[in-house]
Amino acid sequence: MSIEDRVKATAKNIEGKAQEFVGKVSGDPKDRAEGKAKQAEAEARHTAEDVKDEVKKAID
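- The chain goes by CsbD family protein in an unreviewed UniProt entry, where it is assigned to Lyngbya confervoides BDU141951.
- Quoted verbatim from the Sequence similarities (unreviewed entry) field of the UniProt record, the comment on the chain reads "Belongs to the UPF0337 (CsbD) family."

Printed below as a string of structure tokens:
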């Protein structure tokens, strides 16, 4: 995984956590749901990139 991709995924995760927290504090279920969705997207990006790294290691 490139450093850039890892940073983007981590930023998305942080953004999602912040949005989920704001939703909890404000009582807005939409913000909470969107925050959780962003965190799930970040996890999926990390997983996909980890798989790419493993395939690259296996090929090399």
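1. Looking at the environment of Arg-32
Okay, so step 1: Summarising the element assignment, Arg-32 is placed in helix α2 (residues 29–59).
Okay, so step 2: Classification of Arg-32 as partly exposed rests on a relative accessible area of 34%.
Okay, so step 3: Along the primary structure Arg-32 and Asp-50 are separated by 18 residues, whereas in three dimensions their C-alpha atoms are 27 Å apart.
Okay, so step 4: Excluding its chain neighbours within four sequence positions, the residues that come into contact with Arg-32 are Gln-19, Glu-20, Gly-23 and Lys-24.

2. Examining the UniProt feature "domain: CsbD-like" (unreviewed entry) in the chain
Okay, so step 1: Per the UniProt record, the feature "domain: CsbD-like" (unreviewed entry) sits at residues 5–57.
Okay, so step 2: Segment residues 5–57 splits into 96% helix and 0% strand. End C-alpha atoms: 18 Å apart.

3. Things to note about α2
Okay, so step 1: Between the first and last C-alpha of α2 there are 45 Å, a value that for 31 residues agrees with the 45 Å anticipated at 1.5 Å per step.
Okay, so step 2: Among the residues of α2, those classed as buried are Asp-31, Gly-35, Lys-38, Gln-39, Ala-42, His-46 and Glu-49.
Okay, so step 3: Considering only its buried residues, α2 is in contact with α1 (3–26).
Okay, so step 4: Where α2 starts, the residue carrying a side-chain oxygen 3.0 Å from the main-chain nitrogen of Lys-30 turns out to be Asp-28.

4. Description of the pattern of salt bridges
Okay, so step 1: Counted according to the given criterion, the structure contains 9 salt bridges.
Okay, so step 2: Where Lys-38 meets Glu-15, a salt bridge forms, and the shortest distance between an N and an O atom there is 2.7 Å. On the criterion of sequence distance, the pair formed by Lys-38 in helix α2 and Glu-15 in helix α1 is long-range, its members being 23 residues apart.
Okay, so step 3: Here Lys-24 and Glu-20 are joined by a salt bridge, their closest N and O atoms 3.8 Å apart.

About the criteria used
- Residues numbered from 1 in each chain as written.
- Predicted model: local features only at pLDDT ≥ 70, side-chain atom pairs only at ≥ 80, totals over all residues.
- Heavy atoms only, no water.
- UniProt positions renumbered as here; feature names shortened; annotations may be inferred.
- Helix = DSSP H or I, 4+ residues; strand = E, 2+ residues; numbered from the N terminus.
- Buried < 20%, exposed > 50% of the residue type's maximum accessible area, 1.4 Å probe, protein only.
- Contact = heavy atoms within 4.5 Å.
- Expected span 1.5 Å × (residues − 1).
- Polar contact = N/O pair within 3.5 Å; in protein donor to acceptor, adjacent residues only side chain to side chain.
- Salt bridge = Lys/Arg side-chain N within 4 Å of Asp/Glu carboxyl O.

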